[in-house]
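Here are the chains, one letter per residue:
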Amino acid sequence: MTQDVKETFGSPVGSLAAKVRTLAPSMTRSMQRVAEAVADDPAGCAALTVTGLAELTGTSEATVVRTARLLGYPGYRDLRLALAGLAAQQQSGRAPAITTDIAVDDSLDDVVAKLAYEEQQTLADTAAGLDTGQLGAAVTALVAARRTDVYGVGASGLVAQDLTQKLLRIGLIAHAHSDPHLAVTNAVQLRPGDVAIAITHSGTTGDVIEPLRVAFEHGATTVAVTGRPDAPVTQYADLVLTTSTSRETELRPAAMSSRTSQLLVVDCLFVGVAQRTYETAAPALAASYEALAHRHRSVSR
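Residues numbered from 1 in each chain as written. Predicted model: local features only at pLDDT ≥ 70, side-chain atom pairs only at ≥ 80, totals over all residues. Heavy atoms only, no water.

Assigned secondary structure in the chain consists of 14 helices and five strands. Look at the contacts in the chain between residues 6 or more apart in sequence, and 71% of them connect residues 24 or more apart. Approximately 15000 Å² of the chain is accessible, and the part contributed by carbon and sulfur atoms is 55%. (Helix = DSSP H or I, 4+ residues; strand = E, 2+ residues; numbered from the N terminus. Contact = heavy atoms within 4.5 Å. Areas by Shrake-Rupley, 256 points an atom, 1.4 Å probe, with all protein chains shown as cover.)

Structure, rendered in structure tokens:
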């Protein structure tokens, strides 16, 4: 690895560039131009007003603001302040106290510290952005559901399995579907009173969107767990639970970093349901624990 690559890869600018690469597929071409400009030249863009950046990139002020928000900032002013901070770090050659980018030659101590920091920030960002009204409505739907189907593929499929396992252990009927054909054929059987949950970080996964659409059209209550609140999957979602999207790096792509925030949402759903059904959930959990206890006991020799 060259020195230039080391400096960029381990820097906050490298982190911003990684974020731009990750979010690019969900951006319009004009938004991509804005995002690429701020990642390529944070110092120059920090000196520009929203009008100046719009003129530089051949876009509009509204596009600049939308891009800033998609990158995780409340508005352009906040993005501009962040860019100024990045520029100052570049000029001084001073590295930030900690960065979530992991370099190939980082020590394991650094890897542990950076990943621990990343997990903390991902959880904090997800908790801060989670709409508890939507969460409460999803819990209510799950408690009353005849059955719950959960769709997810890849890393999100593991999260789908985690949720269904938790619901099954408190006596609820739940199925996880990672096979898109089975997901659709099962979704056809859903009806009002049932729940369908789609887990997709990008919100653009067709194998997850299709069964959710079918469930939606058959009257089931539909829930999307996604990092993109305006993604295609939300078109068929009665409720949207948003996960963190802000900290993805070159060595830790979306499939890895998104799982932490998805699992937090799953745990919030499960605990909410368990609270509402405590009289039946507690005995069910105890029974499932007892049924498996003998598998964990030491065998005397």
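On to the packing of aromatic side chains, then. Summed over all chains, the structure comprises one aromatic pair. Seen in terms of ring centroids, Phe216 and Tyr236 are 6.2 Å apart; in terms of plane orientation they differ by 65°. Their pairing is edge-to-face. Pair noted here: Phe216 is in helix 12 (residues 206–217) and Tyr236 is in the loop between strand 4 (221–226) and strand 5 (239–242), with a separation of 20 residues, a long-range link. Looking at Phe216, the relative accessible area reads 34%, which means it is partly exposed. Using a relative accessible area of 18% as the deciding quantity, one classes Tyr236 as buried. (Phe/Tyr/Trp six-rings, centres within 6.5 Å; stacked < 30°, edge-to-face > 60°. Buried < 20%, exposed > 50% of the residue type's maximum accessible area, 1.4 Å probe, protein only.)

So, about the packing of helix 11 (residues 180–187) against helix 12. In contact at an axis separation of 8 Å, helix 11 and helix 12 are set at 10° when each is read in the N-to-C sense. By the angle between their directions, the pair helix 11 and helix 12 is classed as roughly parallel. In this structure, helix 11 contributes Pro180, Ala183, Val184 and Ala187 to the contact, and helix 12 contributes Asp207, Glu210, Pro211, Val214 and Ala215. Looking at the contact of helix 11 with helix 12 residue by residue, the classes come out as seven nonpolar, no polar and two charged. (Axes fitted to C-alpha atoms, helices over the stretch in contact; angles between N-to-C directions. Parallel < 35°, antiparallel > 145°, perpendicular 65-115°, else oblique. Nonpolar A, V, L, I, M, F, W, Y, C, P; charged D, E, K, R; others polar.)

Take helix 14 (residues 278–293) next. Over its 16 residues, helix 14 extends 22 Å from the first C-alpha to the last, a length consistent with the 22 Å expected when each residue adds 1.5 Å. All of the buried residues along helix 14 are Ala281, Ser288 and Ala293. The arc that holds every buried residue of helix 14, seen down its axis, measures 140°, which confines them to one face. Within helix 14, the exposed residues directed more than 90 degrees away from the buried face are Glu279, Thr280 and Glu290. (Expected span 1.5 Å × (residues − 1). Arc of directions from axis to C-beta.)

Moving on to the environment of Arg80. Counting through the fold element by element, Arg80 comes out in helix 7 (residues 76–92). A C-alpha to C-alpha distance of 8.4 Å links Arg80 and Thr49, two positions 31 residues apart in sequence. In this structure Arg80 touches Ala46, Ala47, Leu48 and Thr49, once residues within four positions along its chain are discounted. For Arg80, the side chain forms a polar contact with the main-chain oxygen of Leu48, separated by 3.1 Å. (Polar contact = N/O pair within 3.5 Å; in protein donor to acceptor, adjacent residues only side chain to side chain.)

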